[in-house]
Amino acid sequence: MRVVALLLAVAIQLADGFQIFNNRLATPQASSVGLKMTEHKDETFAAQEISSDQQRRTLIQQVAQSVVAVPILGYSRSASAAIDVSSLPQVTHKVFMDIRISRRDGTFYVKRPENVEDPTDEPIYAHLVLGLYGNVAPNCVQQFLKYVDVPFDLDNPNPSYSTTRFSTLDTESGLLIGGISGLDVTTLAGGNVLQYKGKVIPAKLWLENTKIQEGTPPPVPHGRKGLLTHRNLDLTPSFGVTTRGSSSLDSSHTVFGCVLEDTNGFLEKVIDIPAMTSDGIVTKTSDEPVNVGGGTAVASSLFTAQRRVFRDAAKTFGDSRLDRLPDGKLLRRIEVTQVGSL
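Residues numbered from 1 in each chain as written. Predicted model: local features only at pLDDT ≥ 70, side-chain atom pairs only at ≥ 80, totals over all residues. Heavy atoms only, no water.

Participant: Give me the pattern of salt bridges: which residues, what numbers.
Facilitator: Using the criterion set out here, one finds seven salt bridges in the structure. For Arg332, the salt bridge goes to Asp121, with nearest N and O atoms at 3.9 Å. Here Arg332, found in the loop between strand 13 (329-330) and strand 14 (334-341), pairs with Asp121, found in the loop between strand 1 (93-101) and strand 2 (124-132); they are 211 residues apart in sequence, far enough to count as distant. Overlapping salt bridges, with partners in common, bring together Arg104, Asp118, Asp121 and Arg332 in one network. (Salt bridge = Lys/Arg side-chain N within 4 Å of Asp/Glu carboxyl O. Helix = DSSP H or I, 4+ residues; strand = E, 2+ residues; numbered from the N terminus.)

Right, dumping it as structure tokens:
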């Protein structure tokens, strides 16, 4: 880390400007110096003008100390990763998710340079910080947190969001849907339960109290991208992330959180991934609802609502064949590699 701090100090001195160098050195300098400085969150250094050697040395020492104090996490924590959530409800809990997107062939492994056919077709890694609205949707938040800090047990595994796969991007609403791999709804003794690797788990709906009491914040509408939402009649802990605003979700889903930080622009990259629908391959979701069967947007929304009712009915009777139909299925592997509370 001392080497890193030293290199950064040299870079700051170079960035001080050609005027200082021309005043002190008689030999001509190079025509250009290639520099790319990473933004630092401390804004006290952002606009500081160095007018003397003493000020320059102080700045170098302070930046070097900050570099030594910051651990290397493998992601760029630039200010651009933060999302404006000033108009949203109070965040009561924070959760992080590390996500990766595969190549077109579904692989993640590191290739040798001579084996790379397309430099643009490489795995993408992202880091999300999620904020949960415990005051607005307490039941959803409580159920969501049950699958966050789950101890790893090879002999007796329990479902966890660390094995989540985002497999569907609904083209009508722009909702990115993720679920825990291997966790399904099944029927036992006339009731619905969750089944995970031979283990039976009680299935509960994430329903919130519909009676808004005095002082309770109202439900959050699906009016922007980056909102965490859960379908009200879904027994599984699957959740969705909005990639754009969609008011059609308000009647069937409940917002319980949002994306606070999106390192590497995950939400922007995921909408460019091809998705298979009944009409063909969609390369990118649009700002308008996608029509189904050539009909109007209203007919498309009605068809989508009817289809969800029939899917829920099929699940109730234990028929999972509809789940295997390619409806907005993403043609890349998108999976969570790590999750935890902050």
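Picking up where we left off.
Participant: Quick rundown of the packing of aromatic side chains? Include the residues and the values.
Facilitator: Tallied over the entire structure, the rule returns eight aromatic pairs. Centroid distance Phe144 to Phe239: 5.6 Å. Interplanar angle 85°. Geometry classified as edge-to-face. You can see Phe144 sitting in helix 4 (residues 138-145) and its partner Phe239 sitting in strand 9 (residues 239-242), a full 95 residues away along the chain. Just as Phe144 is buried, Phe239 falls in that class too. Judged by centre distance (5.2 Å) and plane angle (50°), the ring pair of Phe144 and Phe256 falls under tilted. Of this pair, Phe144 sits in helix 4 while Phe256 is found in strand 10 (residues 253-263), placing the two residues 112 residues apart along the sequence. Take Phe144 and Phe256: they sit in the same class, and that class is buried. Between the NZ or CZ atom of Arg103 and the centre of the ring of Tyr109, over which it lies, the distance is 5.1 Å. (Phe/Tyr/Trp six-rings, centres within 6.5 Å; stacked < 30°, edge-to-face > 60°. Buried < 20%, exposed > 50% of the residue type's maximum accessible area, 1.4 Å probe, protein only. Lys NZ or Arg CZ within 6 Å of the ring centre and 35° of its normal.)

Participant: Can you tell me about unusual backbone geometry, naming the residues and giving the values?
Facilitator: The backbone of Lys197 sits at a positive phi, close to 50°, despite the residue not being glycine. Checked against the element boundaries, Lys197 lands in the loop between strand 6 (191-196) and strand 7 (199-202). The phi angle at Asn264 is positive, at roughly 75°, despite the residue not being glycine. Mapped onto the secondary structure, Asn264 falls in the loop between strand 10 and helix 5 (266-270).

Participant: Can you tell me about the confidence of the model for the chain, naming the residues and giving the values?
Facilitator: Looking at the chain as a whole, its pLDDT mean stands at 74, while 58% of the residues score no less than 70. Scored below 50 in pLDDT, residues 17-52 shows 29 contacts in the model against residues more than four places distant or in partner chains. pLDDT under 50 marks residues 58-80. Its contacts with residues more than four places away, or in other chains, come to 31 contacts. (pLDDT = per-residue confidence, 0-100. Contact = heavy atoms within 4.5 Å.)

Participant: Describe the nonpolar core, and please don't skip the residues or the numbers.
Facilitator: Membership of the largest hydrophobic core comes to 39 residues, with the highest contact counts inside it found for Met97, Phe144, Tyr161, Phe256, Phe266 and Ile334. Residues Tyr133, Val136, Val220 and Cys258 belong to the second largest nonpolar core, which totals nine residues. (Core = buried A, V, L, I, M, F, W, Y, C linked by side-chain atoms within 4.5 Å.)

Participant: Give me the lowdown on the pairing of strand 3 (residues 164-170), citing residues and values where you can.
Facilitator: Here strand 3 pairs with strand 4 (residues 175-180) via six bridges, running antiparallel. Note that in strand 4 the partner of Phe166 across the bridge is Gly178. If you look at the hairpin formed by strand 3 and strand 4, you'll find four residues sitting between the two strands, and Gly174 has a positive phi there, around 75°. (Pairing = 2+ DSSP bridges.)

Participant: Talk me through a nonpolar patch on the surface; I want residue IDs and the actual numbers.
Facilitator: A surface patch of nonpolar side chains, amounting to about 270 Å² of accessible area, comprises Leu205, Leu207 and Leu233. Mapped onto the elements of the fold, Leu207 is located in the loop between strand 7 and strand 8 (227-231). (Patch = residues over 30% accessible without salt bridge, like charges linked within 9 Å, V, L, I, M, F, W, Y side chains within 5 Å. Areas by Shrake-Rupley, 256 points an atom, 1.4 Å probe, with all protein chains shown as cover.)

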